[in-house]
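Here are the chains, one letter per residue:
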Amino acid sequence: MGLTLAAELRRYGVATRLIEKAPERSDKSKAVVVWSRTMELMDRMGCAPAFLATGLKATVARIFFDGREWGHIGLEGVASPHPFALMLPQSETERLMAEHLGRLGGSVERGVELAGFTADPARVVAQLRLPGGREETVATQWLVGCDGAHSTVRHQLGMDFVGDTLMTDWVLADLEVPAEQARNEIEIHWHASGILAIFPITAGRIRIIADVGDTNVLQPRAEPTLADIQALIAQRGPAGLQATTAIWLAAFHINERKVADYRAGRVFLAGDAAHVHSPAGGQGMNMGMQDACNLAWKLALVCRGECAPEPLLASFSAERSEIGRQVLKATGRLTRLAVLRGGIKQDLRNRVAGVLLGLKSVRARVADTITEVAMGYPDGPLNRGGDQPRTGPAPGERAPIRAGESPVGAGGEPRFALFADPGAESGSLAVEFAGLIEPTVRAPFGSGGIWLVRPDGYVAVATRRGRGEEVAAFLRGLLA
Ligand SMILES: Cc1cc2nc3c(=O)[nH]c(=O)nc-3n(C[C@H](O)[C@H](O)[C@H](O)COP(=O)(O)OP(=O)(O)OC[C@H]3O[C@@H](n4cnc5c(N)ncnc54)[C@H](O)[C@@H]3O)c2cc1C
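Conventions adopted
Residues numbered from 1 in each chain as written. Predicted model: local features only at pLDDT ≥ 70, side-chain atom pairs only at ≥ 80, totals over all residues. Heavy atoms only, no water. Helix = DSSP H or I, 4+ residues; strand = E, 2+ residues; numbered from the N terminus. Rg over C-alpha atoms; globule rule 2.2 N^0.38 Å. Contact = heavy atoms within 4.5 Å. Areas by Shrake-Rupley, 256 points an atom, 1.4 Å probe, with all protein chains shown as cover. Lys, Arg positive; Asp, Glu negative; His and termini not counted. Charge placed at Lys NZ, Arg CZ, Asp CG, Glu CD. Near = heavy atom within 4 Å. Polar contact = N/O pair within 3.5 Å; in protein donor to acceptor, adjacent residues only side chain to side chain. Nonpolar A, V, L, I, M, F, W, Y, C, P; charged D, E, K, R; others polar. Axes fitted to C-alpha atoms, helices over the stretch in contact; angles between N-to-C directions. Left-handed = near helix turned anticlockwise from the far one by under 90°. Buried < 20%, exposed > 50% of the residue type's maximum accessible area, 1.4 Å probe, protein only. Pairing = 2+ DSSP bridges. Core = buried A, V, L, I, M, F, W, Y, C linked by side-chain atoms within 4.5 Å. Domains from an automatic or database assignment. Buried area = accessible area lost by both parts, 1.4 Å probe. Salt bridge = Lys/Arg side-chain N within 4 Å of Asp/Glu carboxyl O.

1. Re the overall build of the protein
Inference 1: Counting its regular elements, the protein contains twelve helices and 24 strands.
Inference 2: The C-alpha radius of gyration of the protein comes to 23 Å, within 12% of the 23 Å expected for a compact globule of 480 residues.
Inference 3: Considering only C-alpha atoms, the protein reaches an extent of 70 × 60 × 35 Å along its principal axes.
Inference 4: Within the protein, contacts between residues at least 6 apart in sequence are counted, and of these 73% link residues at least 24 apart.
Inference 5: If you sum the accessible surface of the protein, you get close to 20700 Å²; carbon and sulfur atoms cover 55% of it.
Inference 6: When the 53 basic and 53 acidic side-chain charges of the protein are each reduced to a single mean position, those positions are 2 Å apart.

The following block contains the structure:
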């Protein structure tokens, strides 16, 4: 998350230091999916082409019960310029994001550890441990803890990481398979003995995830072997799938935890430091990158002196914590369904899932949810708009992305975009708020409406033509 946040802040001209205690970049694949909404945000970041050139596009997830396909979720119908799951190991995502940061003049200071900090209303003073044992004290305006599930920043803030560790053992395997056996599709196999999910990673490489039974804290399970994984595939997966090499084998447990508030004064938490959950749905890394995109434009407007700290900065936790809560709930529910035991319960689950997957509307809803294009901030504190236009997106919704239009928030300036009919009303808004709104007014999403879209592509204000004063009042409320 730190890479995304640093790149976004630098793009908007804000000086940052990104420190990382690990001396080398990790080669672990971890997250293997970049979802549509994250790709859309990368379009505005200016780094999407490198990701698209490196990843594999998977457009369908197939669901099997005891070896029989019961349904599938297609992603081609998702209303996005990127209607697919971009399969890419996290090590590559991090490499590409570090290169993007480098092109913006930033870098990762490796081998530098945050040892502690103090924060007061005026600044944050951090103690850093540098390579070779040297120490440095640095004073900064803001500190963002993108330091993972064991976050030093969270510990030092004394924030509770509320939630549970699920009492089920899981295994993970990245495998080389013969090219003809690697399909560009996600497969979820529900079997009486448990779940087995298969994700393509790169040509000839796949990721397997499976649950292997209840946790016995007195007798922890050993790390899996390739033979163990092969036996799980033979039992639950597609016939004949045979790995040639194991790249990474690991046992893991699922934690479902979240902090209540992603901010304490001048200190923020983002990514796994703020929320961890089941890998069901592959949302973790994507959510963290979107935390970063939500915070970056707000922090940039404040650091550039163009907006007051509040209410912008307060909205980060309100918006992203609610998304965290929803994703925790949804992925937790999916995980519990996946590990359900007992013939009758499994049979009922499979029948209900089979019926639901047969409905086009349900498949479309699931596709919009997992690709994260349906996520938004309908109850967000920045939303305005009393008298809604008859059509078009509501406040808090992701603004539709129209072919050929430059993404809102792209380029070097964090600017809102006004979508309205040309005329005196929209023209005078663009002039009065020239420092906050892009100079060109864009075509409205529907007749008779005015929309103000935030630099991260979500609607801030939706109102009717003639009520431009609502847009003006909202923007005046942000000014420094
Ligand atoms: C096996 C596995 C599979 C996953 N699959 C998916 C998936 O398919 N899709 C998905 O979206 N997500 C997935 N995830 C989750 C995803 O990997 C995480 O959500 C993501 O890595 C979180 O990024 P982060 O930057 O918040 O934290 P991290 O990646 O943990 O990075 C935090 C960094 O902070 C550094 N650090 C920690 N403390 C300090 C300190 N005091 N000073 C300096 N540096 C420090 C650490 O060295 C680390 O590099 C998966 C995770 C795992 C483990």
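2. What about the site of the ligand?
Inference 1: In the neighbourhood of the ligand, 24 residues make up the surrounding shell, with Met1, Glu20, Gln90, Asp272 and Met285 lying closest.
Inference 2: One nitrogen or oxygen atom from the side chain of Lys30 is found 3.4 Å from an oxygen atom belonging to the ligand.
Inference 3: Between the ligand and Asp272 there is a distance of 2.7 Å, counted from an oxygen atom to a side-chain nitrogen or oxygen.
Inference 4: Relative to its unbound accessible surface of 1000 Å², the ligand loses 80% to contact with the protein.
Inference 5: Counting residues per element, the ones that place at least two in the shell around the ligand are β8 (113-119) and α7 (284-303).
Inference 6: If you tally residues by element for the shell around the ligand, the top one is α7, at three residues.
Inference 7: For the shell around the ligand, the class distribution of residues is nine nonpolar, eight polar and seven charged.

3. Thoughts on the packing of helix α2 (residues 36-45) against α7
Inference 1: The interhelical angle for the contact between α2 and α7, taken along N-to-C directions, is 35 degrees, at an axis separation of 10 Å. Of the two elements, α2 crosses α7, and the hand of that crossing is left-handed. Across the interface between the two elements, Arg37, Thr38, Leu41, Met42, Arg44 and Met45 of α2 pack against Asn286, Met289, Gln290 and Cys293 of α7.
Inference 2: When its residues are assigned to classes, the contact of α2 with α7 shows five nonpolar, three polar and two charged.

4. Quick word on the pairing of strand β15 (residues 194-202)
Inference 1: Among the nine residues in β15, eight count as buried, and that is most of the element.
Inference 2: One ladder, built from five bridges, connects strand β14 (residues 186-191) with β15; its direction is antiparallel. Residue Ile188 lies in a different strand from β15, and its bridge partner there is Ala197.
Inference 3: Taken together, β14 and the strand that follows it, β15, pair antiparallel across an intervening segment of two residues.
Inference 4: Looking at chain direction, β15 and strand β16 (residues 205-214) are connected through six bridges and run antiparallel. If you follow Phe199 over to β16, its bridge partner there is Arg207.
Inference 5: The antiparallel hairpin formed by β15 and β16 contains two residues in its connecting segment, where Gly204 sits at a positive phi of about 80 degrees.

5. Some thoughts on the nonpolar core
Inference 1: Counting 55 residues, the largest nonpolar core has Phe117, Phe416, Leu418, Leu452, Val471, Phe474 and Leu475 as its most contacted members.
Inference 2: Every residue in contact with Phe474, bar those within four places of it in the chain, is listed here: Leu382, Arg384, Phe416, Leu452, Ala460 and Val461.
Inference 3: Of all hydrophobic cores here, the second largest spans 34 residues; its members include Val33, Ala61, Ile63 and Ile186.

6. Some thoughts on the sheet that holds strand β24 (residues 459-464)
Inference 1: Taken in spatial order, the three strands line up as β22-β23-β24 in an open sheet, and their pairing is antiparallel. If you trace the sheet from one side to the other, it starts and ends with β22 (417-419) and β24, each paired once. Direction aside, neighbouring strands of the sheet carry axes that sit 15 degrees apart on average.
Inference 2: Summarising the sheet, β22 and strand β23 (residues 449-453) pair through three bridges and their orientation is antiparallel. Directly across from Phe419, in β23, lies its bridge partner Trp451.

7. Section: the domain arrangement of the protein
Inference 1: For the protein, the assigned domains are domain 1 (2-32 + 89-162 + 258-321), domain 2 (167-253) and domain 3 (378-480).
Inference 2: Taking the mean C-alpha position of each, domain 1 and domain 3 sit 28 Å from one another.
Inference 3: Tallying the contact residues gives 19 residues for domain 1 and 19 residues for domain 3.
Inference 4: Each partner contributes to the roughly 1500 Å² buried at the junction of domain 1 and domain 3, and carbon and sulfur atoms together form 61% of this total.
Inference 5: The interface formed by domain 1 and domain 3 includes three salt bridges.
Inference 6: In this structure, the salt-bridge partner of Arg304 is Glu413, at a minimum N-O distance of 2.6 Å.

8. Examining the sheet that holds strand β6 (residues 85-87)
Note: strands within a sheet are paired through backbone hydrogen bonds, in either parallel or antiparallel orientation.
Inference 1: Spatially, three strands are ordered β2-β6-β3 in an open sheet, and the strand pairing comes out antiparallel. Unpaired on one side and paired on the other, β2 (33-34) and β3 (56-58) mark the two borders of the sheet.
Inference 2: In this sheet, β6 lies alongside β2 in antiparallel orientation, the contact comprising two bridges. Residue Val34 lies in a different strand from β6, and its bridge partner there is Leu86.

9. Considering the environment of Ser406
Inference 1: By the secondary structure assignment, Ser406 is in the loop between α10 (360-370) and β22.
Inference 2: Remark: the alpha-carbon pair of Ser406 and Val373, spanning 33 residues in sequence, is separated by 18 Å.

10. Details of the environment of Gly435
Inference 1: Tracing the backbone through its elements, the reader meets Gly435 in the loop between α11 (424-432) and β23.
Inference 2: Among the residues examined, Gly435 registers a relative accessible area of 41% and is labelled partly exposed.
Inference 3: Considered as a pair, Gly435 and Pro407 are 28 residues apart in the sequence and their alpha carbons are 18 Å apart.

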